[in-house]
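Residue-level structure breakdown
Residues per chain, in single letters:
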Amino acid sequence: MTRVGSVEQLSVKPRTPGQRGLPKQAVQRLRITAAGAEGDYNHYRTTKVHSNPNLAILLLTREVIDTLRAEGWPVEPGDLGENLTLDGVQEAVLKPGCRLRIGEVLLEVSEPCDPCSEVYVLPYVGTTKGPAFVRTLTGRRGWFARVLEFGEIVPGSQVEVTPA
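Described in the following lines is the structure provided in the data block. No experiment lies behind these values; they were computed from the predicted model shown.

Right, let's get into the overall build of the protein chain. Helix and strand counts for the protein chain stand at three helices and 11 strands. When the helices and strands of the protein chain are read in sequence order from the N terminus, they spell out β-β-β-β-α-β-α-β-β-β-α-β-β-β. A compact globule built from 164 residues should have a C-alpha radius of gyration of about 15 Å, and the protein chain, at 15 Å, falls within 12% of that. Considering only C-alpha atoms, the protein chain reaches an extent of 45 × 35 × 25 Å along its principal axes. Taken over 164 residues, the protein chain has a buried fraction of 45%. Element-wise, carbon and sulfur atoms account for 50% of the exposed surface of the protein chain, whose accessible area totals about 8100 Å². Averaging the positions of the 19 positive and the 19 negative side-chain charges in the protein chain gives two centres separated by 5 Å.

So, in structure tokens, the structure goes:
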């Protein structure tokens, strides 16, 4: 069964010396290549896991953002480092092996993204609230995906999800 949603926001953060990778900023179009989101730099992925293609794109659902906001965390799209914020896609559907068709782009979910202290740089978190926010994000930081077919995406693009 295929489920349909849309791309709410596309986000990247170029490599900027002295700055962390969060939050990512909205862009009006995003070219997806085998290496991931063009113009996006992920320090962990580049230096620690040697550009592992299973971690090429980070996905987050609007459902997770809305839940975190209801819990008092003023999370906005791009804050958690996701490249694609998905609207109308149920969090429970995203599991390793499920595929997302977005225009000419085809992604396959590979693994969950574990929360880390990188989120401390968000203005509403900091070092004081950081440990609590990391605990809050456990199981809700988003999903990594590998790129199976490349192309360009714009906000509003339809997302067809085929469960694993």
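In total, this model carries two aromatic pairs according to the counting rule given. Between Trp73 and Phe133 the ring centres are 4.5 Å apart and the planes differ by 45 degrees, which places this aromatic pair in the tilted class. With Trp73 in the loop between helix H2 (62-70) and strand S6 (84-87) and Phe133 in helix H3 (residues 126-137), this pair connects stretches of sequence that are 60 residues apart. Each of the two residues, Trp73 as well as Phe133, counts as buried. Plain terms: the ring middles of Tyr124 and Phe133 are 6.1 Å apart, the flat faces sit at 85 degrees to each other, and that makes the pair edge-to-face. By relative accessible area, Tyr124 is classed as buried at 15%. For Phe133, a relative accessible area of 0% translates into the label buried. Taken together, Trp73, Tyr124 and Phe133 form an aromatic cluster joined through their ring pairs.

Turning to the pairing of strand S3 (residues 30-33), a few remarks are in order. Here S3 shows one buried face, formed by Leu30 and Ile32, and one open face, formed by Arg31 and Thr33. Where S3 meets strand S10 (residues 151-153), three bridges bridge the pair, whose relative direction is antiparallel. Bridge assignment links Leu30 to a residue of S10, and that residue is Ile153. Inspection of the sheet shows S3 paired to strand S4 (residues 36-37) by two bridges, in the antiparallel sense. Across the sheet, residue Ile32 finds its bridge partner in S4, namely Ala37.

Calculation criteria
- Residues numbered from 1 in each chain as written.
- Predicted model: local features only at pLDDT ≥ 70, side-chain atom pairs only at ≥ 80, totals over all residues.
- Heavy atoms only, no water.
- Helix = DSSP H or I, 4+ residues; strand = E, 2+ residues; numbered from the N terminus.
- Rg over C-alpha atoms; globule rule 2.2 N^0.38 Å.
- Buried < 20%, exposed > 50% of the residue type's maximum accessible area, 1.4 Å probe, protein only.
- Areas by Shrake-Rupley, 256 points an atom, 1.4 Å probe, with all protein chains shown as cover.
- Lys, Arg positive; Asp, Glu negative; His and termini not counted.
- Charge placed at Lys NZ, Arg CZ, Asp CG, Glu CD.
- Phe/Tyr/Trp six-rings, centres within 6.5 Å; stacked < 30°, edge-to-face > 60°.
- Pairing = 2+ DSSP bridges.

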